[in-house]
Amino acid sequence: MSELVSRMRRFGTTIFAEMSALAVEHDAVNLGQGFPDTAGPQPVLDAAIEAISAGRNQYPPGPGIPQLRRAIAAHQRHWYGLEWDVDSEVLVTAGATEALAAAILALCEPGDELIAFEPFYDAYDADAVLAQATLVPVRLEWPDFALDSDRLASAITPRTRAILVNTPHNPTGHVFSRAELEQIAELAIAHDLIVITDEVYEHLAFDEHRHIPMASLPGMRDRTITISSGGKTFATTGWKVGWVTGSAELVSAVMAVKQWLTYVNAGPLQEGIAVGLALPDADFAAIRAQLRSGRDLLVPALADAGFTVAPVNGGYFAVADAAPLGVTDAAQLCRELPERIGVAAVPLSAFYRDAAGAKSLVRFAFCKRPEVLHKAATRLRQL
Ligand code: PMP
Ligand code: GLN
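Just so you know, these numbers come straight off a predicted model, no measurement behind them.

Reading the values: rules and limits
Residues numbered from 1 in each chain as written. Chains lettered and ligands numbered in written order. Predicted model: local features only at pLDDT ≥ 70, side-chain atom pairs only at ≥ 80, totals over all residues. Heavy atoms only, no water. Helix = DSSP H or I, 4+ residues; strand = E, 2+ residues; numbered from the N terminus. Rg over C-alpha atoms; globule rule 2.2 N^0.38 Å. Buried < 20%, exposed > 50% of the residue type's maximum accessible area, 1.4 Å probe, protein only. Pairing = 2+ DSSP bridges. 1 Å grid on protein atoms, 1.4 Å probe; cavity = no way out; pocket = protein on both sides within 12 Å on 5 of 7 lines; lining within 4 Å. Points joined across faces, edges and corners; volume = space filled by probe spheres on them. Right-handed = clockwise from strand over helix to strand, strands pointing away. Near = heavy atom within 4 Å. Polar contact = N/O pair within 3.5 Å; in protein donor to acceptor, adjacent residues only side chain to side chain. Areas by Shrake-Rupley, 256 points an atom, 1.4 Å probe, with all protein chains shown as cover. Sits in = over half its atoms within 2 Å of the grid points. Arc of directions from axis to C-beta. Contact = heavy atoms within 4.5 Å.

A. View of the overall build of the protein chain. Within the protein chain one finds twelve helices and 13 strands. Expected size for 383 residues packed as a compact globule is a radius of gyration near 21 Å; at 20 Å, the protein chain falls within 12% of this value. Oriented by its inertia axes, the alpha-carbon framework of the protein chain measures out at about 55 × 55 × 50 Å. Here the protein chain, with 383 residues, has 57% of them falling under the buried criterion.

The structure is reproduced here in structure tokens:
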């Protein structure tokens, strides 16, 4: 570790890698790291196989293959009424992960502040530190994890460069409402800030909740960098095909950094995701219904096992409070669970700068087959 630059030392190994390793070691049901255990839509898989077999295996164009960029633009028009120029306002990246890193590195000067809602996806803080910027957390509170706009307003300083919004939200399952997004937009416009949105769970808003892209709000199109990925929607998390949409000015800045990170990525897999984005609406509804039934299996099982569970309105995860089980340290519980009962989960503390008040919270993934969730339910009852 001592060879590592000092500013990166506090990050260590990601919690997902640590808990997945424990799950393998103890043959546990892995409800830690969020990856599906089912195959994605067959036409998506077939298109990638076909591209490889046909020999399209060399460097794709820098901004991504044209058919994927066209599919991304068409998908945003179809679902959200957003118009993007395929050549200058759409960029393909190595997952949302690279898009986030490239956007933050492209936009933040050393010392700039980046606001993110806490609990936040762990990469945001690491990306800020890579850019020598500072992540400023603004808390969302259990159990609704709703926006507190006064808190957001008071976190804005002259050094604030951008607000990072993740909706549907990992880890909490909160789907930001139009009213919440409008409050964020109002502050962004008043203080001339950029908004970076992480919308990787865009097709996974459940029940009456709807995913609303920040870029679709009045005045936000040209100050929003929208990031998404094919991984979650098409159950292809290992493909790492993501994208960025935004004004030509913002996208060209992100592109300027992206080219030095990976240059280009995953040509044949881009063909698969292009097919996925053009699938009929009914296929997206089926994907959402499958995830929703995963939620509807896991949430009552967690309640049966003695947890208090927060409302889950979208995404892959449920947040549960282990305090009723007498747990005060969820990190310790998660380290023990794989061996004790054969279930892996991640402590919510991994998503906080300061986890005070959230130390008994645990995140469980429900993007698993029903029989796997039933097995987890049986095991959790032993707690
Ligand atoms: N953002 C969020 C909120 C996530 O949960 C994830 C996990 N996949 C990512 C970004 C990274 O996406 P990708 O796998 O496409 O890099
Ligand atoms: N996004 C997934 C999660 O939150 C996977 C994260 C990862 O492995 N870096 O579990």
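What follows picks up the thread again.
B. A look at the sheet that holds strand 13 (residues 361-365). The sheet built from four strands is open, its strands ordered 9-10-13-12 with antiparallel pairing. Strands with a single pairing partner mark the edges of an open sheet, and in this sheet they are strand 9 (308-309) and strand 12 (346-347). Bridge analysis of strand 10 (residues 317-321) against strand 13 gives five bridges, and the strand direction is antiparallel. Along strand 13, the bridge assignment pairs V319 with R363.

C. Just empty space enclosed by the protein, in detail. With the rule as written, the count across this model stands at one cavity of 30 Å³ or more. Taken as a whole, the largest cavity spans an internal volume of roughly 30 Å³.

D. Geometry of the pairing of strand 3 (residues 113-118). Counting buried positions along strand 3 gives six out of six residues, so the element sits mostly inside the fold. Side chains of strand 3 alternate between two faces, with E113, I115 and F117 and L114, A116 and E118 buried alike. One ladder, built from six bridges, connects strand 3 with strand 4 (residues 134-139); its direction is parallel. The residue of strand 4 that forms the bridge with L114 is L135. Read as a crossover between parallel neighbours, the route from strand 3 over helix 5 (residues 122-130) to strand 4 is right-handed.

E. Examining the pairing of strand 13 more closely. The buried fraction of strand 13 amounts to five of the five residues, a majority that puts the element mostly inside the structure. On strand 13, burial covers both faces: L361, R363 and A365 on one face and V362 and F364 on the other are all buried. Examined bridge by bridge, strand 12 and strand 13 share two bridges and lie antiparallel to one another. Across the sheet, residue P347 finds its bridge partner in strand 13, namely V362.

F. Up close: the site of ligand 1. For ligand 1, the set of nearby residues contains 13 residues, the closest of which are T97, D198, Y201, S229 and K232. Between ligand 1 and Y201 there is a distance of 2.6 Å, counted from an oxygen atom to a side-chain nitrogen or oxygen. K240 is positioned such that a nitrogen or oxygen atom in its side chain is 2.7 Å from an oxygen atom of ligand 1. Contact with the protein chains removes 94% of the 390 Å² of surface that ligand 1 exposes when unbound. Among the cavities detected, the one that contains ligand 1 is the largest pocket. At three residues, the largest contribution of residues to the shell around ligand 1 is made by helix 4 (residues 95-107).

G. How the structure looks around the site of ligand 2. In the region of ligand 2, the neighbouring residues are F16, Q33, G34, Y121, N170, Y201, K232, F317 and R363. G34 places a main-chain nitrogen or oxygen 2.7 Å from an oxygen atom of ligand 2. In the model, a nitrogen atom of ligand 2 is placed 3.3 Å from a nitrogen or oxygen of the Y121 side chain. Because more than half of its atoms lie within 2 Å of the grid, ligand 2 is assigned to the largest pocket.

H. Looking closely at helix 11 (residues 330-340). Those residues of helix 11 that fall on the buried side of the exposure criterion are A330, A331, L333, C334, L337 and P338. For helix 11, the angular spread of buried residues about the axis comes to 155°, placing them on one side. Tucked into the core, helix 11 has its buried residues touching helix 1 (15-25), strand 11 (343-344), strand 12 and strand 13. Put simply, D329 is the residue that caps the front of helix 11, since its side-chain oxygen is 3.1 Å from the backbone nitrogen of A331.

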